[in-house]
Amino acid sequence: MNQSAETIISVQNVHKWYGDYHALKGVSMEVKKREVIVIFGPSGSGKSTFIRTINRLEEHQRGKIVVDGIELSHDIRNIEQVRMETGMVFQQFNLFPHLTVMQNITLAPIQVRKWPKQKAEEIAMQLLERVGIPEQAHKYPGQLSGGQQQRVAIARSLAMQPKIMLFDEPTSALDPEMIKEVLDVMIELAKSGMTMLVVTHEMGFARAVADRMFFFDQGQIVESGTPEDIFRNPKEERTELFLSQILSH
Amino acid sequence: MTNLNSALPPLTEQITLLRWLRKNLFGSWYDALLTVLGLWIAYWAVKGFLTWAFTAAKWDVIILNLRLIMIGQYPLEQTGRLWLWLAFLVLLSGSSTGIWARESKYAAVVFLLPGLLALLPFSTEPRVWLVALTAIGLAGWVIGRAKPEILKRGVIAGWVISLPVIILLTHGFSESGTGFWAVAKTTLWGGLLLTFLLTVVAILFSFPLGVLLALGRRSELPIVRWFSVAYIELVRGVPLITILFMAQLMLPLFLPEGLTIDRVLRAMVGITLFSAAYLAENVRGGLQAIPRGQFEAAHALGLNSAQTMVFIILPQALRLIIPILAGQFIAVFKDTALVAIVGLFDLVGIGKTVLAQPDFIGLQREVYAFISLIYWVLSYGMSHLSQRLEERLGVGKR
C-alpha cells in the first residue's frame with residue numbers, strides 16, 4: 001500500500017437516536033487520504049446527521065469513529081483536536097455577521113492555532129484570492145451575495161489548514177446562478193488533493209471529482225461505489241429510483 | 001419662461017404646507033375635531049405650567065439649595081475633588097467623541113453645556129469650573145480628532161480606571177480629618193452625587209453579574225443552572241424596596257457585634273444584586289435569538305465553549321438587546337430614588353430634607369419639578385447615547 005492510501009476516517013457500526021427516532025442504523029465507512037466522497041440520498045435519510053458525527057456536532061451513541069488517529073469520545077480534548085483538523089461548510093453558510101470577512105477567516109487561526117495576526121491575515125488574503133474574492137475582505141457578510149458568502153465560508157475553514165473538509169449540502173441554499181462559482185472552488189479543492197466528504201445532490205460535481213459515492217436511505221448506507229458504478233448500473237432498486245428522480249430534470 | 005420658473009417654488013411650498021395640514025390634521029370632520037381638541041388641551045396645559053413657572057413659582061428654593069441638591073452635605077473644603085473627577089470624565093468623553101464619532105462634526109456641541117450652565121446664578125467657584133469643563137471637553141475632542149490612533153489605548157485605559165478614580169477622589173484618603181485629601185464620610189454624600197454613584201456602580205457591576213447569571217441559567221452543569229434560576233426567580237419575586245430595607249435594617253442583625261458595613265455600600269450592593277437578576281433575563285433573551293448555526297460554525301472551527309461565547313455569541317446577543325439594556329439602565333437610574341425611603345440623601349432624599357426646612361415649607365412643586373428635570377435630562381441623555389450606539393454597531397448587520 002502506498003502513502004496516499006492511508007485511512008484517515010474510520011467509522012464502524014455507528015448508531016444515533018433522536019429520542020425514539022433511530023436516525024443512523026449501523027453506518028460504517030472507511031475514507032482514505034485524498035479521497036473525495038459524495039454522499040446523497042432523500043431528505044431524512046441521515047446523510048447530514050452522519051457527516052456531522054464526524055466532527056462531533058452530533059454525538060453518536062453506539063459504534064466507533066476514528067479521525068486522523070483520534071477516537072471521538074466524551075473527552076473534550078479529543079473533540080477539539082479533531083475539530084482543528086476538520087473543516088466544515090454548512091448549507092446556511094453560518095458566517096459570523098458581526099465580523100468582517102477578514103475577521104471571520106482569521107478568528108480561529110489567531111485564537112485556536114495562536115498564529116500572530118499578521119500571518120493569519122496573509123494566509124486569509126491568499127485564501128480569498130484562491131476562492132476569487134480578495135476585494136471583499138473588509139466587507140461584512142451581509143453585504144455579500146450567497147455565492148460569495150459560501151466561498152468565504154470555505155476560505156474560513158481552509159484557514160485552519162484542515163486535513164479533512166466536510167461539506168453539508170453547500171449549494172442547496174444558493175440561487176441557481178451562484179451554484180457554479182461555489183462548485184468550481186470545490187472542484188479545484190478536490191483536485192488539489194484535499195480529503196473531502198460532500199453531502200450533495202450536484203451529480204455533475206460527483207461525476208467530475210468523486211472517487212466513491214454513498215447512497216443513504218432511512219439511516220443506512222444502501223449502496224456505494226465509484227460514480228461509474230452508481231450512474232451506469234446501480235445494484236439497488238432504491239438507488240436507481242432516486243437517481244432517476246433527481247436526474248430527470 | 002425664466003420668470004415663471006423663479007416664481008414657482010414659493011408657490012409650491014405654500015400649497016405643500018396647506019396640503020400637509022389638510023392631509024394630516026383636517027382630513028375629515030373628526031380629524032379636525034381631534035386637532036382642535038388636542039390643540040386646546042395642549043394650550044391649556046402648557047399655559048398653566050408656564051404661568052406657574054414664570055409668575056407663581058418661588059425658584060429661590062432651588063437657587064439657595066443648589067449645592068445641597070447637587071452634592072448633599074459633602075464638605076465644602078473637598079468639593080474640588082469632585083470637580084477633578086468630573087473634569088477627568090469630561091476629558092475622556094471629549095476625546096472619545098473625537099475618536100469614535102469622527103463623522104458627526106457637531107458632536108462637540110454637547111460640551112458647550114457646562115459653559116452655558118455657568119450663566120446660571122452660581123457662585124464664582126462653580127462658574128470657573130463649569131467654564132473649565134467646557135474648555136477641557138472641547139480640548140479633548142480636538143486632540144481626539146487629531147490623533148485618534150495614538151490616543152485610543154490611553155482613552156480606553158482611562159475609562160477602565162474611571163470608576164476607581166471617581167470613588168477614590170470622592171472618598172478621599174487622608175485620615176487626618178482636615179485638608180483637601182481628607183476622607184469625606186459616605187453619610188455626607190448626597191444629592192445628584194449620590195444618585196450618580198449609586199447608578200454607575202449598580203450598572204457597572206450588575207452587567208457582568210447579569211451576563212454570568214444568564215450563562216449560568218443555560219449551563220449544562222445542573223448546580224450552576226439551579227443556582228442561577230433560584231437567584232433570578234427569588235430576586236425578581238421581591239420589590240427592590242424590600243431588598244433595600246433588608247440590607248439596611250436586617251443585615252446588621254446577622255453581622256457580628258462591632259462589624260458594620262457602610263450604608264451607602266449596602267444600598268449599592270442591594271441595587272446591583274436586584275438589577276443583575278433582570279439583566280440576566282434580558283441577556284438570556286438575546287442569547288436565545290442567536291441561531292444554532294453560529295454555535296456550530298464556531299465549534300466546527302475548533303473554538304472552545306468559552307471562546308465561542310466571548311467572540312461569537314455574546315457580541316451578537318448584546319448588540320441585539322441594546323435598546324432593552326438602555327431601558328434597564330434608565331430604570332436603575334430612576335430606581336435609585338428608593339434609597340430615600342431607607343434614609344439616604346439622594347436627589348429625592350435631599351429634596352425631602354430641603355422641604356423640611358421651615359423656610360421652604362409648601363414648595364414641593366418647585367423642588368420636585370427641578371429634580372424631575374434633572375432625572376429627565378440624564379435619562380434622555382442615556383437614551384440618546386444608546387441610539388447612537390445602535391446606529392454605529394448596526395454596520396453590516398444581517
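Keep in mind it's a predicted model, so treat the numbers as computed, not measured. (Residues numbered from 1 in each chain as written. Chains lettered and ligands numbered in written order. Predicted model: local features only at pLDDT ≥ 70, side-chain atom pairs only at ≥ 80, totals over all residues. Heavy atoms only, no water.)

Asks: Could you clarify how one ought to interpret the overall build of chain B in this entry?
Replies: Per the secondary structure count, chain B includes 16 helices and zero strands. Across the 398 residues of chain B, 39% fall into the buried class. Sequence-distant contacts in chain B: of pairs separated by 6 or more residues, those separated by 24 or more amount to 73%. Accessible surface for chain B amounts to roughly 22900 Å². Of this, 72% is attributable to carbon and sulfur atoms. In chain B, the 31 positive side-chain charges and the 20 negative ones have mean positions that sit 7 Å from each other. (Helix = DSSP H or I, 4+ residues; strand = E, 2+ residues; numbered from the N terminus. Buried < 20%, exposed > 50% of the residue type's maximum accessible area, 1.4 Å probe, protein only. Contact = heavy atoms within 4.5 Å. Areas by Shrake-Rupley, 256 points an atom, 1.4 Å probe, with all protein chains shown as cover. Lys, Arg positive; Asp, Glu negative; His and termini not counted. Charge placed at Lys NZ, Arg CZ, Asp CG, Glu CD.)

Asks: How should the overall build of chain A be read in this particular structure?
Replies: Looking only at helices and strands, chain A has nine helices and 10 strands in total. In summary, chain A has a C-alpha radius of gyration of 18 Å against a globular reference of 18 Å for 249 residues, a match within 12%. Its C-alpha atoms give chain A principal-axis dimensions of about 55 × 45 × 45 Å. Taking the intrachain contacts of chain A between residues at least 6 apart in sequence as the baseline, contacts between residues at least 24 apart amount to 65%. (Rg over C-alpha atoms; globule rule 2.2 N^0.38 Å.)

Asks: Where do I start with the packing of helix α3 (residues 101-111) of chain A against helix α4 (residues 117-130) of chain A in this structure?
Replies: Geometry of a packed helix pair, given as the angle between the helix axes and the separation of the axes. Residue and element names in this part refer to chain A. Axis separation between α3 and α4 bottoms out at 9 Å; the angle between their running directions is 125°. When the axes of α3 and α4 are compared, the pair comes out oblique. The element α3 and its partner α4 pack so that their crossing is right-handed. Contacts between α3 and α4 involve Val101, Met102, Ile105, Thr106, Pro109 and Ile110 on the former and, on the latter, Lys117, Ala120, Glu121, Ala124, Met125 and Leu128. Partitioned by chemical class, the residues of the contact of α3 with α4 number nine nonpolar, one polar and two charged. (Axes fitted to C-alpha atoms, helices over the stretch in contact; angles between N-to-C directions. Parallel < 35°, antiparallel > 145°, perpendicular 65-115°, else oblique. Left-handed = near helix turned anticlockwise from the far one by under 90°. Nonpolar A, V, L, I, M, F, W, Y, C, P; charged D, E, K, R; others polar.)

Asks: For this particular structure, what's the right way to read the sheet that holds strand β6 (residues 86-89) of chain A?
Replies: The strands making up a sheet associate through hydrogen bonds between their backbones, and the pairing can be parallel or antiparallel. Residues and elements named next belong to chain A. Taken together, the six strands give an open sheet; going across it, the order is β6-β7-β8-β3-β9-β10, and neighbouring strands pair in mixed fashion. Two strands in the sheet have a free side with no partner beyond their single neighbour: β6 and β10 (220-225). Neighbour-to-neighbour, the strand axes of the sheet open up by a mean angle of 15°, direction not taken into account. Taken together, the four bridges between strand β3 (residues 36-40) and strand β9 (residues 212-217) define a ladder with parallel strand orientation. In the strand pairing of β9, phenylalanine 40 is matched with phenylalanine 215. Across the sheet, helix α5 (residues 146-158) is in contact with β6 and β7 (164-168); its angle to β6 comes to roughly 170°. Taken strand by strand, helix α6 (residues 176-191) contacts β3, β7 and β8 (195-199), and its axis lies near 145° from that of β8. (Pairing = 2+ DSSP bridges.)

Asks: Where do I start with the pairing of strand β4 (residues 62-67) of chain A in this structure?
Replies: Two faces make up the sheet, and in a regular strand the side chains alternate between them. Residue and element names in this part refer to chain A. Direction of pairing for strand β1 (residues 7-18) relative to β4: antiparallel, over a ladder of five bridges. Considered in β4, the bridge of isoleucine 9 is made with valine 67. As defined by bridge partners, β4 adjoins strand β5 (residues 70-71) across two bridges and the pair is classed as antiparallel. Residue valine 67 lies in a different strand from β5, and its bridge partner there is isoleucine 70. Between β4 and β5, which pair antiparallel and follow one another directly, the connecting turn spans two residues, one of which, aspartate 68, has a positive phi of 55°.

Asks: Can you help me understand unusual backbone geometry in this one?
Replies: Among all residues except glycine, the phi angle is most often negative; among peptide bonds, the trans geometry is most common. All names here are of chain A. Even without being glycine, lysine 114 reaches a positive phi, approximately 60°. In this structure, lysine 114 sits in the loop between α3 and α4. Phi is positive for glutamine 218, which is not a glycine, with a value near 50°. With respect to the helices and strands, the residue glutamine 218 is situated in the loop between β9 and β10.

Asks: Is there a simple way to think about helix α8 (residues 191-217) of chain B in this case?
Replies: Residue pairs three or four apart in sequence face the same way in an α-helix, which turns once every 3.6 residues. Compared with an ideal rise of 1.5 Å per residue, which puts 27 residues at 39 Å, α8(B) spans 37 Å between its outermost C-alpha atoms and is within 8% of the ideal. Its axis deflected by about 30° at Ser206(B), α8(B) carries its strongest bend there, up to four residues before the proline Pro208(B). (Expected span 1.5 Å × (residues − 1). Bend = angle between axes of the 7 residues up to and from the residue.)

Asks: Just to check I follow, could you spell out the side chain of Thr308(B) for this structure?
Replies: Residue and element names in this part refer to chain B. With respect to the helices, strands and loops of the structure, threonine 308 is situated in helix α13 (residues 305-320). When its relative accessible area of 2% is taken as the criterion, threonine 308 is described as buried. The residues contacting threonine 308, other than those within four sequence positions of it, are Phe295, Ala298, His299, Leu303 and Ile313.

Asks: Teacher, can you tell me more about the layout of surface pockets here?
Replies: To find leftover empty space, one rolls a probe the size of a water molecule over the atoms. Its boundaries defined by the atoms lining it, the second largest pocket holds a volume of some 1100 Å³. Looking at the second largest pocket, it is lined by 26 residues, and the ones nearest its centre are Arg218(B), Glu220(B), Phe295(B), His299(B) and Ser305(B). When residues of the lining of the second largest pocket are traced back to their parent elements, those giving at least two are α2 (76-85) of chain A together with α8, α12 (292-300) and α13 of chain B. For the lining of the second largest pocket, the per-class residue count stands at nine nonpolar, seven polar and 10 charged. (1 Å grid on protein atoms, 1.4 Å probe; cavity = no way out; pocket = protein on both sides within 12 Å on 5 of 7 lines; lining within 4 Å. Points joined across faces, edges and corners; volume = space filled by probe spheres on them.)

Asks: What is the right way to read the packing of α5(A) against α6(A) from this model?
Replies: Residue and element names in this part refer to chain A. Running from N to C, α5 and α6 point in directions that differ by 20°, and their axes come no closer than 8 Å. Compared by their axis directions, α5 and α6 come out roughly parallel. In the packing of α5 onto α6, the handedness of the crossing is right-handed. Note on element contacts: α6 touches α5 through Met178, Glu181, Val182, Val185, Met186 and Leu189, opposite Gly146, Gly147, Gln148, Gln150, Arg151, Ile154 and Leu158. Tallied by class, residues from the contact of α5 with α6 come to seven nonpolar, four polar and two charged.

Asks: Would you mind going over α3(A) with me for this structure?
Replies: Within α3(A), eight of the 11 residues are buried, leaving the element largely enclosed by the surrounding structure. Within the span of α3(A), buried status applies to Val101(A), Met102(A), Asn104(A), Ile105(A), Thr106(A), Leu107(A), Ala108(A) and Pro109(A). Close packing links the buried residues of α3(A) with α4 and α5 of chain A together with α13 of chain B.

Asks: Looking at this structure, how should I read the packing of aromatic side chains?
Replies: Aromatic ring pairs are described here by two measures, namely the spacing of the ring centres and the angle between the planes. Under the definition given, this model contains 16 aromatic pairs over all chains. Plain terms: the ring middles of Trp52(B) and Trp59(B) are 5.6 Å apart, the flat faces sit at 65° to each other, and that makes the pair edge-to-face. A centroid spacing of 5.8 Å and a plane angle of 5° characterise the contact between Trp83(B) and Trp129(B), whose relative ring orientation is stacked. Placement of the pair is Trp83(B) in helix α4 (residues 79-100) and Trp129(B) in helix α6 (residues 124-146), with a sequence separation of 46 residues. Taking the relative accessible area as the measure of exposure, Trp129(B) reaches 21% and is therefore partly exposed. Sitting over the ring of Phe96(A), Arg156(A) keeps its end group 4.5 Å from the ring centre. Here the guanidinium or amino end of Arg207(A) rests over the ring plane of Phe231(A), the centre of that ring lying 4.3 Å away. (Phe/Tyr/Trp six-rings, centres within 6.5 Å; stacked < 30°, edge-to-face > 60°. Lys NZ or Arg CZ within 6 Å of the ring centre and 35° of its normal.)

Asks: Would you mind going over a nonpolar patch on the surface with me for this structure?
Replies: Nonpolar side chains collect at one region of the surface, where Tyr106(B), Val109(B), Val110(B), Leu112(B), Leu113(B), Leu116(B) and Leu119(B) lie side by side and expose about 760 Å² of accessible area between them. Structurally, Leu113(B) can be placed in helix α5 (residues 113-117). (Patch = residues over 30% accessible without salt bridge, like charges linked within 9 Å, V, L, I, M, F, W, Y side chains within 5 Å. Salt bridge = Lys/Arg side-chain N within 4 Å of Asp/Glu carboxyl O.)

Asks: Can you help me understand the sheet that holds β4(A) in this one?
Replies: With respect to topology, four strands assemble into an open sheet ordered β2-β1-β4-β5 (chain A), the strand pairing being antiparallel. Every other strand in the sheet has two partners, leaving β2 (21-32) and β5 of chain A as the edge strands with one partner each.

Asks: Please clarify how the pattern of salt bridges should be interpreted in this entry.
Replies: One side chain can pair with another of opposite charge once the charged atoms of both are near each other. Counting across every chain of the model gives 22 salt bridges over all chains. Lys33(A) is the salt-bridge partner of Glu6(A), the closest N and O atoms lying 3.5 Å from each other. Pair noted here: Glu6(A) is in the segment before β1 and Lys33(A) is in the loop between β2 and β3, with a separation of 27 residues, a long-range link. Take Glu6(A): its relative accessible area is 34%, and that puts it in the partly exposed class. Residue class for Lys33(A) comes out partly exposed when judged on its relative accessible area of 29%. Among the ionic contacts, a cluster of salt bridges with common partners joins Lys16(A), Arg52(A), Glu58(A), Arg292(B) and Glu296(B).

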